[in-house]
Amino acid sequence: MKRFTIASLSILCLSLATTTAVKAENRVQHFMQLDTMIISNTTNTEVTPFELVNRAYQGAYRMQGIPGFSALLTDYSSRKITAKDLVKAAIEANQLPSETQNDRDFLWAVDIQLSGRQL
């Protein structure tokens, strides 16, 4: 009887681990597909949303009035700086074409990257 119980519990644990791993893998694939869609929709740009936020965080757009490091995150959380402000700074720095400021998907992706920095 002990063998049957141990075998049943082992099978149950293995099946739970397998289904959890599959769900996690599906979620990762979903986010990777979303990133690919955003990047493919913005093929005219030279900078991805991820790169734009990283550059802004490192202070690359100080000449355009965007602070770096924690000041960027503070200004973003207090809504002094928006995703559109970062895109405009990159346009002024000749890193993005001017049409990017009207690309809602790109702006949304920049916003997601900025909010993810605050975690």
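Let us look at the structure shown here.

Parameters at a glance
- Residues numbered from 1 in each chain as written.
- Predicted model: local features only at pLDDT ≥ 70, side-chain atom pairs only at ≥ 80, totals over all residues.
- Heavy atoms only, no water.
- Phe/Tyr/Trp six-rings, centres within 6.5 Å; stacked < 30°, edge-to-face > 60°.
- Helix = DSSP H or I, 4+ residues; strand = E, 2+ residues; numbered from the N terminus.
- Buried < 20%, exposed > 50% of the residue type's maximum accessible area, 1.4 Å probe, protein only.
- Lys NZ or Arg CZ within 6 Å of the ring centre and 35° of its normal.
- Contact = heavy atoms within 4.5 Å.

1. A few points about the packing of aromatic side chains
Line of reasoning, step 1. Under the counting rule described, the total for this entry stands at 1 aromatic pair.
Line of reasoning, step 2. Plain terms: the ring middles of tyrosine 57 and phenylalanine 69 are 5.4 Å apart, the flat faces sit at 70° to each other, and that makes the pair edge-to-face. With tyrosine 57 in helix H2 (residues 49-57) and phenylalanine 69 in helix H3 (residues 69-77), the pair connects residues that are 12 residues apart, well separated along the chain.
Line of reasoning, step 3. Residue classification places phenylalanine 69 among the partly exposed positions, given a relative accessible area of 39%.
Line of reasoning, step 4. Sitting over the ring of tyrosine 57, arginine 117 keeps its end group 4.3 Å from the ring centre.

2. Let's talk about helix H4 (residues 83-92)
Line of reasoning, step 1. All of the buried residues in H4 are Ala83, Leu86, Val87, Ala89, Ala90 and Ile91.
Line of reasoning, step 2. In this fold, the buried residues of H4 make contact with H2, H3 and helix H5 (104-117).
Line of reasoning, step 3. Phi turns positive, to about 60°, at asparagine 94, one or two residues after H4.

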